[in-house]
Amino acid sequence: MSATNTEAAPKKSLVLNAFVMMSSGHQSPGLWRHPDDESWRINEVSHWVELAKLLEKAKFHGIFIADVLGGYDVYRNSLDPAKISGTQWPVNEPLSVVSAMAAATESIGFGVTASTTYEQPYHLARRLSTIDHLSKGRLGWNIVTSYLDSAARNLGFSEQPKHDDRYAQAEEYVKVIYKLLESSWRDDAVKLDRKAGIYTQPDLVRQINHRGKFFTVPGPHICQPSPQRTPLLLQAGTSRAGKQFAAQHAEAVFVSAHAPQVCAGNIAELRELARARYGRDPAGIKVLALATPVLGRTEAEARAKLADYRQYASPEGALALFGGWTGIDMDQYGDEEELREVESNAVRSTVEGFARFSPATAKWTKHTLAQHISIGGNGPTFVGTPSQVADGLETWVREADVDGFNFAYALFPQSFKDIIELLLPELRRRGLFWDDYAVPGGTYRENFYQRPGQTGPPDEHVASSYRWKAGVPAEQHVIPE
């Protein structure tokens with residue numbers, strides 16, 4: 001047998017984020033009631049600063065902050081289940097707290113969700129540049145198109161735009177963002193020449209004069225170039241349009257599924273699209289899977305923790321989440337109704353997807369579904385010793401070709417403390433996680449790629465073609481369309 005066949009593939013250095021939201025519970029509705037949970041402290045700056053310091057000390061790559069712009073009101077055709085259970089309700093705006101977390105840390109990154117559907121790109125570009133400045137280049141933008149009709153109704157629409165229309169708008173939106181962040185100011189436009197009295201050289205700042213189907217933005221950008229100019233670009237979405245978008249723009253892609261087989265094909269297709277259509281290195285796109293570890297020093301201890309958590313989980317909150325994700329109101333089905341036998345194709349196919357990877361579950365009712373969602377949401381819950389959980393993570397890396405994980409919590413912050421104390425040493429022992437930041441004090445992108453000096457998108461990325469570099473005359477850098 002040849003050496004090529006006998007040598008194991010080099011192990012990936014995993015990208016690990018904490019997956020949170022400025023609401024209680026997040027992916028585990030109802031757990032705010034647990035005596036050891038503090039997720040209800042969402043309104044306290046200290047709550048978020050303490051988390052950032054805890055995670056940076058453990059060398060987490062980043063804090064990935066989810067967001068929605070409306071409530072989960074599909075289940076029972078009411079927002080009340082979400083209100084009562086505290087299911088992503090109330091929810092605060094995530095960019096606001098990043099500067100406080102950044103001021104208390106030096107290296108950890110912050111991936112913040114912001115939608116392309118309901119806000120003008122000129123306004124968001126200003127906020128992105130501001131936080132990138134204040135964090136010294138440690139901002140990531142999780143690009144979403146939104147999915148709740150409740151958000152649309154509060155933002156001037158009767159319902160959300162159609163799925164592919166939202167992605168068409170997102171495509172134009174990010175191009176406007178690139179023009180503002182990368183093309184409007186030359187790298188060296190700010191002179192701060194006290195003797196001559198010149199703060200910014202005027203001919204090194206220009207309008208972008210964008211006119212498109214969705215947006216008209218003359219420019220120029222209102223902020224000077226920030227450390228990364230364009231934040232690290234994150235994206236979630238495995239639809240046809242979502243994969244096309246990610247293949248061109250995303251530097252990291254977030255996936256959620258209960259088993260690696262569910263998303264392996266989408267990940268392979270995404271990487272091939274990036275290579276064939278956009279000339280990108282498919283390995284350069286980092287795919288991060290949702291995962292919720294429940295850890296113990298013994299398997300029995302971990303399973304006891306899970307049983308304890310289930311006492312506080314909210315089935316109503318879980319079904320509210322499911323309704324928001326799918327648009328399906330499970331209240332229309334009886335308590336004992338077998339969901340794999342109902343008339344709706346959407347319900348049957350969704351539930352069969354869950355059932356395929358939980359063969360021990362004999363009957364799937366809406367209560368069964370709620371139990372599966374109530375701890376960890378639409379992702380796997382790994383229950384066991386550090387070795388068992390690490391085995392599970394390695395299975396995902398091997399079978400789905402993921403590059404890391406967004407770790408959700410059951411208890412905030414105890415779940416993260418368990419990961420730090422129990423799981424990270426095992427991952428380091430296996431050579432799967434770094435001992436320190438590649439660039440201490442560096443930008444999010446430098447540490448993400450483990451490449452000093454990589455503050456902007458890589459040369460192969462479409463955003464790099466928008467960069468107006470120092471010393472280049474304006475006529476030699478035409479703003480791409």
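Rules and cut-offs
Residues numbered from 1 in each chain as written. Predicted model: local features only at pLDDT ≥ 70, side-chain atom pairs only at ≥ 80, totals over all residues. Heavy atoms only, no water. Helix = DSSP H or I, 4+ residues; strand = E, 2+ residues; numbered from the N terminus. Polar contact = N/O pair within 3.5 Å; in protein donor to acceptor, adjacent residues only side chain to side chain. Contact = heavy atoms within 4.5 Å. Salt bridge = Lys/Arg side-chain N within 4 Å of Asp/Glu carboxyl O. Buried < 20%, exposed > 50% of the residue type's maximum accessible area, 1.4 Å probe, protein only. pLDDT = per-residue confidence, 0-100.

## So, the side chain of Glu426
Moving on, step 1. Counting through the fold element by element, Glu426 comes out in helix H15 (residues 414-429).
Moving on, step 2. At 2.7 Å, the side chain of Glu426 forms a polar contact with the side chain of Arg429.
Moving on, step 3. When near neighbours in sequence (up to four residues on either side) are disregarded, Glu426 contacts Pro386, Ser387 and Ala390.

## Description of the pattern of salt bridges
Moving on, step 1. Applying the stated criterion across every chain, the model contains 37 salt bridges.
Moving on, step 2. The salt bridge partner of Arg127 is Glu93, with a shortest N-O separation of 3.5 Å. Taken as a pair, Arg127 in helix H5 (residues 121-134) and Glu93 in the loop between helix H3 (80-85) and helix H4 (98-103) lie far apart in primary sequence, 34 residues in all.
Moving on, step 3. Since its relative accessible area comes to 24%, Arg127 is described here as partly exposed.
Moving on, step 4. Residue classification places Glu93 among the partly exposed residues on the basis of a relative accessible area of 34%.
Moving on, step 5. Here Arg430 and Asp391 are joined by a salt bridge, their closest N and O atoms 2.8 Å apart. You can see Arg430 sitting in the loop between H15 and helix H16 (444-449) and its partner Asp391 sitting in helix H14 (residues 386-400), a full 39 residues away along the chain.

## As for the confidence of the model for the chain
Moving on, step 1. With 98% of its residues at a pLDDT of 70 or more, the chain shows a mean pLDDT of 94.
Moving on, step 2. Segment residues 1-6 is flagged for pLDDT under 50; beyond a separation of four residues in sequence, or across chains, it makes one contact in the model.

## Some details on unusual backbone geometry
Moving on, step 1. Omega for the peptide link from Gly219 to Pro220 comes to 0°, which places this bond in the cis form.
Moving on, step 2. Along the chain, Pro220 falls in the loop between strand S8 (216-217) and strand S9 (232-236).
Moving on, step 3. The step from Phe412 to Pro413 runs through a cis peptide bond, and the omega angle for that step is 0°.
Moving on, step 4. Examined against the element boundaries, Pro413 turns out to sit in the loop between strand S13 (404-407) and H15.
Moving on, step 5. Even without a glycine there, the phi angle at Lys59 is positive, about 75°.

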